[in-house]
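Structural description and commentary
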Amino acid sequence: SVQSFAVLSQSSGIHFNRITINQGLSLSSVYCIHQDSKGFMWFGTEDGLNKYDGKNFRIFRNIPGDTNSISYKWTEIIYEDRFGMLWFGSRRGLTKFDPVNEIFCQYYADAQDPGSLANDTITAVAEDTGNNLWVGTAGGLNRINITTGAIERISIKGNGTQNIDLRINVLLPDN
């Protein structure tokens, strides 16, 4: 038996506009894009974090010595947690941004501090139902309590009992 289906296309009404450095984007190479819960578009580039309101850009860059700036100019991951905080991952740390108060908080690795990130290269971010942000890095896994900001490095055992450093590329929470 043969069946035939007719499919009619309809115009979706979706229009795309090109946004470039001519419209205010800090750099034409964009590594990540996120639309936050307020409708703002965020673009991570090699030259700053760009917030777009539909007409204008606001560019956030790292200011050396200023802890109320992003951790690094090159943003590769953007994540919004359930409380509306934005998290920006880079090759030199993690930054939390409170969009209401416009306050940045930087997180870095410190080999002498087990309460710091395992590595500064952030590769993945996910959230679980227990107010934890899971942060994958080029050197291991971290759990950040979203409420307190406390960081815990998660040990991953190899075939023996020795801890191993792993590059975490993807995180999928089992909620």
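Quick summary incoming for the structure in this document. (Residues numbered from 1 in each chain as written. Predicted model: local features only at pLDDT ≥ 70, side-chain atom pairs only at ≥ 80, totals over all residues. Heavy atoms only, no water.)

Read from one edge of the open sheet, 4 strands run E9-E10-E11-E12, paired in antiparallel fashion. Only two strands of the sheet have a single partner each, and these edge strands are strand E9 (122-127) and strand E12 (151-154). For this sheet the average axis-to-axis angle between neighbouring strands, irrespective of direction, equals 25°. Pairing geometry for E9 and strand E10 (residues 132-137), over 5 bridges, is antiparallel. Looking at E10, one finds that Ile122 is bridged to Thr137. (Pairing = 2+ DSSP bridges. Helix = DSSP H or I, 4+ residues; strand = E, 2+ residues; numbered from the N terminus. Axes fitted to C-alpha atoms, helices over the stretch in contact; angles between N-to-C directions.)

In terms of residue burial, strand E3 (residues 48-52) counts as a mostly covered element, since 5 of its 5 residues are buried. By the alternation rule, side chains of E3 split into Gly48, Asn50 and Tyr52 and Leu49 and Lys51, which are all buried. Where strand E2 (residues 41-45) meets E3, 5 bridges bridge the pair, whose relative direction is antiparallel. Counted as the bridge partner of Gly44 is Leu49 from E3. What sits between E2 and E3 in their antiparallel hairpin is a turn of 2 residues. Between E3 and strand E4 (residues 57-60), which pair antiparallel one after the other, the connecting turn spans 4 residues, and Gly54 there sits at a positive phi close to 105°. (Buried < 20%, exposed > 50% of the residue type's maximum accessible area, 1.4 Å probe, protein only.)

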